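Residue-level listing of the chains:
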Amino acid sequence: MIEVLTERNKGVYFDYFRINEKKFFSNRLLMAIMFLAIYLLLIYSFNNWYLLIGIPFSMLIGFKLPYLKLISMKNKDDIIKQYAFPTFLRYFIALVGVKGNVYQTLKAVIPYVNAPIQAELEKLVNNLDKNNVSNRDAYMLFADFIGSSEARMIVEMIYQFDEEGINKEELRELENTIEQLQENKTNELIDYKVSTMEIHANPIILYTILYVLGFTVLVFIAYLSELLL
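All residue numbers here refer to positions counted from 1 along the written sequence of the relevant chain. Only residues with pLDDT of 70 or above have their local features reported here, since the model is predicted, and side-chain atom pairs are shown and tallied only from 80 upward, although totals for entire chains, interfaces and linings are computed over all residues. Just so you know, side-chain values use all the structure's heavy atoms and leave hydrogens and water out.

## What to know about a nonpolar patch on the surface
Judged by side-chain polarity, Leu-40, Leu-41, Tyr-44, Trp-49 and Leu-52 come together as a nonpolar surface patch covering roughly 560 Å² of accessible area. Under the DSSP-based scheme used, a helix requires at least four consecutive residues in state H or I and a strand at least two consecutive residues in state E, with every element numbered from the N terminus. On the secondary structure map, Tyr-44 appears in helix α3 (residues 21–46). The patches described consist of residues with a relative accessible area above 30% and no salt bridge, like charges being joined within 9 Å and nonpolar side chains (Val, Leu, Ile, Met, Phe, Trp, Tyr) within 5 Å. For the area figures, the Shrake-Rupley method with a 1.4 Å probe applies, and any residue is considered shielded solely by the protein chains shown. Any carboxyl oxygen of Asp or Glu that lies within 4 Å of a side-chain nitrogen of Lys or Arg is treated as forming a salt bridge with it.

So this is what it looks like as structure tokens:
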């Protein structure tokens, strides 16, 4: 909620999704006007001009909704990355014995992984081809994209394989780490889905209660204004 009000990470979200700031602002303004129109229609329906005091709040809600959606998209994308990373590692382990080296294995894995990891993996391979980007920096950029401590540790191991050659004992250690990571992510996914069901269920009940209370209050105010007249 604090992030929605302050919008401290707005620039980060714009860069991540490559959003045109002017276009985004236009959409927000349009949404605010739509909420204003709906609210004015509500006021007209109840014929109660005391409700005009709520106009700024209705416009603020409409203005903030696109940013709230942006936050939700980023959170969903982060979750996808966290659970897609073990899948990428599975393909890497399966193909590294066939391809013989890390670079060729990374190229071979690209067709088997989905967005958003696929684009970042292509970026990693391209960076490894460049002379002005150090290999370690290229690997760490990929790890930072995944955004977990496990990713940094595992990508560091892959980098060492690339630089020093593949050690069978360390490769088995990597396989064990991946299995543990896969198990942890599966458990986290189960917990996340359970909590998501609760998160979606509770607001519905709350919204229903608030809607009934709000409707009751509006009817009472309209009825009271008629008596005063």
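## A look at helix α6 (residues 117–129)
Every α-helical turn comprises 3.6 residues, leaving residues that sit three or four positions apart pointing alike. Each residue after the first adds 1.5 Å to the expected span of a helix. End to end, α6 covers 19 Å across 13 residues, agreeing with the expected 18 Å (1.5 Å per residue, within 8%). What α6 keeps buried is the set Ile-117, Glu-120, Leu-121, Leu-124, Val-125, Asn-127 and Leu-128. The buried residues of α6 occupy an angular sector of 160° when the element is viewed end-on, so they sit on one face. Turning to α6, the residues buried within the fold contact α4 (55–99), α5 (102–109), α7 (135–146) and α8 (149–164). Think of it in three bands: with a 1.4 Å probe and only protein chains considered, a residue is buried below 20% of the maximum accessible area for its type, exposed above 50%, and partly exposed in between. Directions pointing from the helix axis toward each C-beta atom define the arc. Residues are treated as being in contact if the distance between any of their heavy atoms lies within 4.5 Å.

## Digging into the packing of helix α2 (residues 10–17) against α4
Packing of α2 against α4 leaves a shortest axis separation of 11 Å and a crossing angle of 60°. Taken together, the axes of α2 and α4 lie oblique to each other. Regarding α2 and α4, the two cross each other, and that crossing is left-handed. Of the residues in α4, those in contact with Lys-10, Tyr-13, Phe-14, Tyr-16 and Phe-17 of α2 are Tyr-67, Leu-70, Ile-71, Met-73, Lys-74, Asp-77 and Lys-81. The residue classification treats Ala, Val, Leu, Ile, Met, Phe, Trp, Tyr, Cys and Pro as nonpolar and Asp, Glu, Lys and Arg as charged. All others, Gly included, are polar. Residue composition of the contact of α2 with α4, grouped by class: 8 nonpolar, no polar and 4 charged. Axis lines are fitted through C-alpha atoms, for helices just across the contact stretch, and the angle between N-to-C directions can take any value from 0 to 180 degrees. Note on angle classes: values under 35 degrees are labelled roughly parallel, values over 145 roughly antiparallel, values of 65 to 115 roughly perpendicular, and the remainder oblique. Two helices cross in a left-handed way if the nearer one is turned anticlockwise from the farther one by less than a right angle. They cross in a right-handed way if the turn is clockwise.

## Topic: the nonpolar core
Side-chain atoms within 4.5 Å are what join buried Ala, Val, Leu, Ile, Met, Phe, Trp, Tyr and Cys residues into a set we call a nonpolar core. In this structure, Phe-85, Phe-88, Leu-106, Leu-121, Tyr-139, Phe-142 and Leu-174 are the most contacted members of the largest nonpolar core, which totals 36 residues. For this core, the secondary structure elements donating two or more residues are α4, α5, α6, α7, α8 and α9 (168–228). Those residues within four positions of Phe-142 in sequence are excluded, and the remaining contacts are Phe-85, Phe-88, Ile-117, Glu-120, Leu-121, Leu-124 and Val-155. Ranked by size, the runner-up nonpolar core spans 7 residues in total, among them Phe-14, Phe-24, Leu-70 and Ile-71.

## Some thoughts on the pattern of salt bridges
If you walk through the whole model with that rule in mind, you get 6 salt bridges. The partner of Arg-136 in a salt bridge is Glu-156, and the shortest N-O contact between them spans 2.8 Å. Linking Arg-136 in helix α7 with Glu-156 in helix α8, this pair joins segments that are 20 residues apart in sequence. The partly exposed category is assigned to Glu-156, whose relative accessible area is 22%. Among the charged side chains, a network of salt bridges with common partners joins Glu-7, Lys-10, Arg-28 and Lys-64.

## Thoughts on unusual backbone geometry
Non-glycine residue Glu-7 carries a positive phi angle of around 55°. Counting through the fold element by element, Glu-7 comes out in the loop between α1 (2–6) and α2. Look at Glu-7 and you get buried, because its relative accessible area is 12%.

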